[in-house]
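Structure at a glance
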Amino acid sequence: MTKTYQLVGIGNAVVDVISQCDDSFLDHMGIEKGIMQLIERERGEVLYAAMKERVQTPGGSVANTIAGAGALGLSAAFIGRVHDDALGRFYAEAMQDDGVDFVNPPVAGGELPTSRSMIFVSPDGERSMNTYLGISSELSSADVSNAVAGQAQIMFLEGYLFDKDKGKSAFMEAARDCRAGGGKPGIAISDPFCVERHRADFLKLIETELEFVIGNEDEIRSLFETDDLEAALAKTAAICPLVVCTRSGDGVTVVSPEGRIDVPVTKVVPVDATGAGDQFAAGFLFGLAEGRDLETCARMGNACAAEVISHIGPRPKADMRAVLKEAGLL
């Protein structure tokens with residue numbers, strides 16, 4: 001008998017390796033400040049070796065969401081590909097420690113090392129990310145068991161995996177298995193550039209296979225190549241039953257068959273904005289899995305995002321169940 005999960009995520013399994021540095025170090029190493037860059041294996045090894053006092057945490061956008069939802073008490077699983085190396089074993093164990101089933105064991109003799117993002121935090125709080133995608137971008141249908149996908153109540157897919165054909169087909173199959181089992185598959189758009197590269201396929205997937213889409217303003221606008229958010233929301237809602245658009249300080253817009261709701265947020269200055277979108281999704285999907293109304297789901301999402309931007313790191317540090325109870329949401 002396979003276990004039924006309330007939430008299953010599929011995405012990049014990336015170890016975040018964080019180190020503090022000054023601007024002269026960034027210049028010396030030729031690291032562009034404040035952005036995320038993809039790097040090759042050799043460059044990754046050089047940067048990793050140059051890091052002082054490394055702090056390692058399991059990362060990856062959808063993985064952060066699943067960990068946040070698991071911390072709220074959902075039965076959750078994550079499907080990602082790691083190598084059976086030190087970082088891969090660390091990743092698998094850390095996800096299990098967070099209460100999330102890491103479905104696939106680290107791959108012995110894997111074709112590439114475990115994915116890692118070297119993050120350099122400068123004194124002004126800016127984060128310069130250098131990501132070596134490694135083995136996680138080799139995820140394929142073989143990694144996604146029908147038993148897990150077909151039993152999932154909600155499945156959350158990471159747009160970044162669309163960059164490889166085998167990732168794309170793994171997605172399609174997982175979404176179909178999930179729907180065939182009566183579950184709801186949906187996607188985190190991940191990044192406007194991701195949409196630029198795969199617009200036609202993305203839209204087809206949303207229209208034919210998915211029940212919900214979560215993205216920020218830039219991502220939703222890029223789906224239809226328009227600067228007009230309202231037009232983009234209307235077009236997305238026309239092909240997908242549930243569209244959730246986060247608008248940072250302007251709150252959240254949710255469009256569903258019941259109509260549209262706008263849920264405000266309390267504006268705060270972030271200590272570290274990393275993970276705000278991921279944890280919003282964690283709270284929202286927690287509410288959805290628990291059968292709450294969409295406004296409550298959005299409020300839960302906002303509460304989780306507010307917590308994560310109040311400290312360094314992409315996963316919650318507070319007991320989020322207690323926080324939601326205090327806010328009258330649980």
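Scroll up to find the structure this text is about.
Procedures and definitions
- Residues numbered from 1 in each chain as written.
- Predicted model: local features only at pLDDT ≥ 70, side-chain atom pairs only at ≥ 80, totals over all residues.
- Heavy atoms only, no water.
- Helix = DSSP H or I, 4+ residues; strand = E, 2+ residues; numbered from the N terminus.
- Rg over C-alpha atoms; globule rule 2.2 N^0.38 Å.
- Buried < 20%, exposed > 50% of the residue type's maximum accessible area, 1.4 Å probe, protein only.
- Areas by Shrake-Rupley, 256 points an atom, 1.4 Å probe, with all protein chains shown as cover.
- Lys, Arg positive; Asp, Glu negative; His and termini not counted.
- Charge placed at Lys NZ, Arg CZ, Asp CG, Glu CD.
- Axes fitted to C-alpha atoms, helices over the stretch in contact; angles between N-to-C directions.
- Parallel < 35°, antiparallel > 145°, perpendicular 65-115°, else oblique.
- Contact = heavy atoms within 4.5 Å.
- Nonpolar A, V, L, I, M, F, W, Y, C, P; charged D, E, K, R; others polar.
- Pairing = 2+ DSSP bridges.
- Disulfide = S-S within 2.5 Å.

Some points on the overall build of the chain
Counting its secondary structure elements, the chain contains 12 helices and 14 strands. For 330 residues, the compact-globule estimate of 2.2 N^0.38 gives 20 Å, and the C-alpha radius of gyration of the chain, at 19 Å, lies within 12% of that figure. For the chain, the spread of C-alpha atoms along the three principal axes comes to 55 × 45 × 40 Å. Each of the 330 residues in the chain was classed as buried or not, and the buried ones make up 56%. Here the chain has roughly 13,800 Å² of accessible surface; of this, 50% comes from carbon and sulfur atoms. Computing the positive centroid from 30 side-chain charges and the negative centroid from 49, the chain places the two 2 Å apart.

Focus: the packing of helix H6 (residues 165-180) against helix H7 (residues 192-209)
Remark: H6 packs on H7, axes separated minimally by 11 Å, with the N-to-C direction vectors making an angle of 10°. Considering the angle they form, H6 stands roughly parallel to H7. Contact with H6, carried on its side by Lys168, Phe171, Met172, Ala175, Arg176 and Arg179, involves His198, Asp201, Leu205, Thr208 and Glu209 of H7 and no other residues of that element. Across the contact of H6 with H7, the residue classes break down as four nonpolar, two polar and five charged.

Thoughts on unusual backbone geometry
Glycine aside, a negative phi is what most residues show, and trans is what most peptide bonds show. One non-glycine residue, glutamate 53, adopts positive backbone phi at about 45°. Here glutamate 53 lies in the loop between helix H2 (41-50) and strand S4 (55-59). Among the residues examined, glutamate 53 registers a relative accessible area of 76% and is labelled exposed.

Observations concerning the sheet that holds strand S12 (residues 242-246)
The strand order across the open sheet formed by nine strands is S6-S5-S1-S9-S10-S11-S12-S13-S14, and the pairing between neighbours is mixed. The two strands at the open ends of the sheet, each matched to only one other strand, are strand S6 (100-102) and strand S14 (259-263). On average, each strand axis in the sheet is inclined to that of its neighbour by 20°, with strand direction left out of account. Alignment of strand S1 (residues 7-10) against strand S9 (residues 154-158), held across four bridges, turns out to be parallel. Note that in S9 the partner of leucine 7 across the bridge is isoleucine 154. Across the sheet, helix H11 (residues 294-308) is in contact with S12, strand S13 (252-256) and S14; its angle to S14 comes to roughly 30°.

Looking at the state of the cysteines
One pass over the full model with this rule turns up zero disulfides. Summary of cysteine pairing: cysteine 240 is not part of a disulfide, and the nearest cysteine sulfur, belonging to cysteine 245, is at 13 Å. Its relative accessible area of 2% is what places cysteine 240 among the buried residues. Overall, cysteine 245 belongs to the buried group, its relative accessible area being 0%.

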